Amino acid sequence: MESESKKCKEESQPLKAVPDNQEPHKPDCVASRWIFAVLGCVGFMIVYGLKVNLSVAIIAMVNHTAVLSANEESGDHHAVVATNDSENACGVEEHEENLDDGPFAWDENVQGVVLASYFYGYILTQVGGGWVAENMSAKHVFGGGALLNILGALLTPVAAKGSYIVVIALRILMGIGGGVTLPAMHVLIAKWAPPSERSKIASTVYAGMTLGTLVTMPFSGLLAATINWESIFYVQGALSILWYVLWLFFVYDSPSQHPRISRSERQMIESSIGGGSPDAPKMKIPWKSVWTSMPVFAIIVAHTCSNWGWYMLLVKLPTYMRYILKFDIKSNAGLSAVPFLCMWVFTMLFASLLDFLLSKNIITTTVARKLATSVASVPPAICLVLVTYVGCNTELAVVLLTLGTMFIGGMYSGFLANHIDIAPPFAGTLMGISNTFATLPGIAVPSIVGAITHNNQTVEAWRLIFYITLGIFLFEFIFYVIFASGELQEWAKPKSEERNAGEHRLLEKNESNKA
Ligand SMILES: *[C@@H]1O[C@H](CO)[C@@H](O)[C@H](O)[C@H]1NC(C)=O
């Protein structure tokens, strides 16, 4: 923040001949790249919020009485919420939970498909979304994707009253919209974030995913408890439309396309990024080099493994807390947000620390990414396994789950910012590729957890799940630390005939700075 205000002052001295109706006289003290970062963060809050609110809403939407009696009629005597010895040991009776019934008799399988359907759409548009964002307008790709989610949320109550089939179709559409947002945002960050601020800007933007979860879970619980379940979708959808208007007005594809950016900020970004102007010829993706690049594979492996743990916490934490730790739904909604709040704070502090160490040349980009990815994999794995050994000590369990979730926040300065380091011109496509693989756990986690815990909500079942997660996290750690790189790759460098010598030199300089 200090350096921000210094820059603002510098701007008041004319750099070159500037028409006197233009800024320098009235410096634009809020840097455009930070307006972009904050609006990008809110955009992700919306996309993630509208994605996860269904997992809270569905608890209020389902007629638990009807589902339970249907289970019993079909000879399913161990109904899902049946208590067993290990649960009784904690001294809490399951039926004290008193879940209010909603209108829909969707059994666990239907609920599972409804919750998972988002991912079926999400996985389809990753690579295509990245490519379109790189070659056309990343701003409108992101905005359009978010808008599709907003409209989908607003239509969800009507769809649910029709049939769960309509909800599934709607959720697939929302997934298609959500799928383009991550690659499109990577393209924008590659154009807007100077390398020395890359961890901070990427973390600010992507922390929106955490913040969205953080805000949406208690907010949805509150809306469901005080108004009704429909209000979750109407209120959140309506608020999100305000954001879309701001996004259209304040965010542009690159500094050179921004009509109100200060001259010095534009120069600072463009010189540090090195010839990232939109007039530069588009490079063709060297597919062979991409698919034989170990740093690319390191990102794919880390992203996929980490998402396993992330979805585990995002989608399954409320279930675990409800069935094993015995929180009733209202305190559940509030308490399951606490880990995400800690994660957000940790993400921002850790990113600032890494950018500081990088700017003082204490560590290289490669070390920063590996360090961050290690922090995001090893401690969460240990916390998750420990949680199954604390028995009925719910406070300790909550502390461990909170710590585990918090450390995952390291990913935003780790592999999630890494695509831009190794290949800025293809940041969107590479993010699309790694996120396509990384979406598979999103589809697999609910089914696998469902299969293991079906009629078997026990600590032992969850221990197995968390041990699998431990193995996956450790694999991520080892693979990434061995193979990842923070350096611009040969195949991502502009060929000399494609650019003039000046731009090329800038890029080389930029690279040696990082080394
Ligand atoms: C839930 O289902 C039960 C049994 O089928 C029914 O009696 C009850 O009215 C339903 N509740 C709601 C809110 O629809």
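One can find the structure itself at the top, above this paragraph.
In this report, the structure presented in the accompanying data block is examined. Remember, predicted model here, so these are calculated numbers, not experimental data. Position numbers for residues start from 1 in each chain and track the written sequence from start to end. Whole-chain, interface and lining totals are the exception, using all residues; otherwise, since this is a predicted model, local features are given only for residues with pLDDT of at least 70 and side-chain atom pairs are given and counted only at 80 or more. Note that water and hydrogens are dropped before the side-chain values are worked out from all heavy atoms of the structure.

**Overview of the site of the ligand**
Next up, step 1: One heavy atom within 4 Å of a molecule or strand makes the whole residue count as near it. Near the ligand you find Asn63, Ala66 and Gly102, and these make up its full shell.
Next up, step 2: Per-residue and other accessible areas follow the Shrake-Rupley method at a 1.4 Å probe size, with only the shown protein chains counted as cover for residues. Protein chains bury 39% of the 360 Å² of accessible surface belonging to the ligand in isolation.

**Topic: the nonpolar core**
Next up, step 1: Side-chain atoms within 4.5 Å link the members of a nonpolar core, which is a set of buried Ala, Val, Leu, Ile, Met, Phe, Trp, Tyr and Cys residues. Here the term buried applies to any residue with accessible area under 20% of the maximum for its type, exposed to any over 50%, and partly exposed to those in between, with areas from a 1.4 Å probe on protein chains only. Counting residues in hydrophobic clusters, the biggest one holds 112 residues, and the most contacted among them are Met185 and Tyr206.
Next up, step 2: No other element matches helix α2 (residues 32-61), which puts 16 residues into this core.
Next up, step 3: The two domains that each donate at least three residues to this core are domain 1 (38-65 + 103-251) and domain 2 (283-515).
Next up, step 4: By definition, residues are in contact when any of their heavy atoms lie within 4.5 Å. Excluding residues within four positions of it along the chain, Met185 makes contact with Phe36, Gly40, Phe44, Phe142, Val205, Tyr206 and Trp247.
Next up, step 5: Core analysis: the second largest hydrophobic core is formed by 14 residues, Phe426, Leu430, Ile433 and Trp491 among them. In this text, helices come from DSSP runs of H or I with a minimum length of four residues, and strands from runs of E with a minimum of two, each type numbered from the N-terminal end. Where each domain starts and ends follows an automatic or database-derived domain assignment.

**Examining the environment of Gly43**
Next up, step 1: Within the secondary structure, Gly43 is located in helix α2.
Next up, step 2: The exposure class assigned to Gly43 is buried, which follows from its relative accessible area of 0%.
Next up, step 3: Ignoring anything within four residues of it in the chain, the contact list for Gly43 reads Phe142 and Trp243.

**A short note on the environment of Gly432**
Next up, step 1: Residue position: Gly432 is located in helix α20 (residues 427-453).
Next up, step 2: On the basis of relative accessible area, Gly432 is assigned to the buried category, the value being 0%.
Next up, step 3: Along the backbone, Gly432 and Val180 are 252 residues apart, and their C-alpha atoms lie at a distance of 8.0 Å.
Next up, step 4: Leave out the neighbours within four places in its chain, and Gly432 touches Gln126, Val127 and Pro183.

**Description of the side chain of Thr204**
Next up, step 1: Take Thr204: it is sitting in helix α10 (residues 198-226).
Next up, step 2: Those residues in contact with Thr204 that sit more than four places away from it in its chain are Trp34, Ala37, Cys41 and Met348.

**Focus: the packing of aromatic side chains**
Next up, step 1: Under the pairing criterion, centres of Phe, Tyr and Trp rings, with the six-membered ring standing for Trp, must be within 6.5 Å; the plane angle then separates stacked pairs below 30 degrees from edge-to-face pairs above 60, leaving the rest tilted. All chains considered together, the criterion is met by 22 aromatic pairs.
Next up, step 2: Ring geometry for Phe104 and Trp229: centres 5.5 Å apart, planes at 75°, overall edge-to-face. Placement of Phe104 in the loop between α4 (85-88) and α5 (108-122) and of Trp229 in helix α11 (residues 229-250) is noted, with a sequence separation of 125 residues between them.
Next up, step 3: The class of Phe104 is buried, set by a relative accessible area of 9%.
Next up, step 4: With centroids separated by 6.4 Å and ring planes inclined at 15°, the aromatic side chains of Phe426 and Trp491 adopt a geometry described as stacked. Here Phe426 is found in the loop between α19 (415-422) and α20, whereas its partner Trp491 is found in the loop between α21 (459-483) and α22 (501-514), with 65 residues between them in sequence. In this structure, Phe426 and Trp491 share a single accessibility class: buried.
Next up, step 5: Above the plane of the ring of Tyr48 lies Lys51, whose end atom (NZ or CZ) is 4.4 Å from the centre.
Next up, step 6: Geometry around Tyr389 places Arg463 over its ring, the cationic atom sitting 4.1 Å from the centre. Whether a charge sits over a ring depends on NZ of Lys or CZ of Arg being within 6 Å of the ring centre and within 35 degrees of the ring normal.

**A word on a nonpolar patch on the surface**
Next up, step 1: There is a patch of nonpolar side chains on the surface, built from Trp287, Trp291, Phe437 and Leu440 and spanning about 390 Å² of accessible area.
Next up, step 2: Counting residues per element, the ones that place at least two in the nonpolar patch are α13 (287-291) and α20.
Next up, step 3: Relative to the elements of secondary structure, Phe437 occurs in helix α20.
Next up, step 4: Residue classification places Phe437 among the partly exposed positions, given a relative accessible area of 34%. Each patch is built from salt-bridge-free residues with over 30% relative accessible area, joining like charges within 9 Å and nonpolar side chains (Val, Leu, Ile, Met, Phe, Trp, Tyr) within 5 Å. Basic side-chain nitrogens of Lys or Arg form a salt bridge, by our definition, when they fall within 4 Å of a carboxyl oxygen of Asp or Glu.

**Topic: the packing of helix α6 (residues 126-135) against α20**
Next up, step 1: In this description, a line fitted to the C-alpha atoms serves as the axis of each element, helices being fitted only across the stretch in contact, and the angle between N-to-C directions of two axes falls anywhere from 0 to 180 degrees. As a packed pair, α6 and α20 sit with axes 7 Å apart at the nearest point and diverge in direction by 170°. Accordingly, the angle class assigned to the pair α6 and α20 is roughly antiparallel. From α6, Gln126, Val127, Gly130, Trp131 and Glu134 reach across to α20, where they touch Ala427, Gly428, Thr429, Met431, Gly432, Ile433, Asn435 and Thr436.
Next up, step 2: Residue composition of the contact of α6 with α20, by class: five nonpolar, seven polar and one charged. Note that the term roughly parallel is reserved for angles under 35 degrees, roughly antiparallel for angles over 145, roughly perpendicular for angles of 65 to 115, and oblique for everything else. Polarity classes work like this: nonpolar for Ala, Val, Leu, Ile, Met, Phe, Trp, Tyr, Cys and Pro, charged for Asp, Glu, Lys and Arg, and polar for all others, with Gly in that last group.

**Section: the packing of helix α17 (residues 365-387) against α21**
The relative placement of two packed helices is expressed as an angle between their axes plus a distance between the axes.
Next up, step 1: For the pair α17 and α21, interaxial distance at closest approach is 9 Å and the crossing angle is 165°. In terms of axis orientation, α17 runs roughly antiparallel to α21. Here the hand of the crossing between α17 and α21 comes out left-handed.
Next up, step 2: Within the contact of α17 with α21, the residues separate by chemical class into 16 nonpolar, four polar and three charged. Handedness of a crossing follows from how the near helix is turned relative to the far one, being left-handed for an anticlockwise turn of less than a right angle and right-handed for a clockwise one.

**Describing the pattern of salt bridges**
Next up, step 1: Evaluation of the coordinates by the stated rule reveals seven salt bridges.
Next up, step 2: Notably, a salt bridge pairs Glu230 with Lys161, separated by 2.9 Å at the nearest N-O pair. Here the residue Glu230 occupies a position in helix α11, and Lys161 occupies one in helix α7 (residues 138-162), the gap between them amounting to 69 residues.
Next up, step 3: The exposure class assigned to Glu230 is buried, which follows from its relative accessible area of 15%.
Next up, step 4: Among the ionic pairs, Asp421 bridges to Arg198, the shortest N-O distance being 2.8 Å. Highlighted residues: Asp421 in helix α19 and Arg198 in helix α10, separated in sequence by 223 residues. For the pair shown, Asp421 and Arg198 are each scored as buried.
Next up, step 5: Each member of the salt-bridge network shares a partner with another, and the members are Arg33, Glu197 and Glu265.

**Here we look at the side chain of Ser413**
Next up, step 1: In this fold, Ser413 is placed in the loop between α18 (394-408) and α19.
Next up, step 2: Two N or O atoms form a polar contact when they lie within 3.5 Å of each other; inside protein one atom must be a possible hydrogen donor and the other a possible acceptor, and for residues adjacent in sequence the pair counts only when both atoms belong to side chains. A distance of 3.3 Å separates the side chain of Ser413 from the side chain of Ser203, its partner in a polar contact.
Next up, step 3: If near-sequence neighbours (up to four positions away) are discounted, Ser413 is found in contact with Ser199, Ser203, Phe350, Ala351, Leu354, Ala368, Arg369 and Ala372.

**Let's talk about α11**
Next up, step 1: Between its terminal C-alpha atoms α11 stretches 33 Å, which fits the 32 Å expected from 22 residues at 1.5 Å a residue.
Next up, step 2: Those residues of α11 lying buried are Trp229, Glu230, Ser231, Ile232, Phe233, Gln236, Gly237, Ser240, Trp243, Tyr244 and Trp247.
Next up, step 3: Contacts from the buried residues of α11 go to α2, α7, α9 (181-192) and α10. Helix span, expected: 1.5 Å multiplied by one less than the number of residues in the helix.

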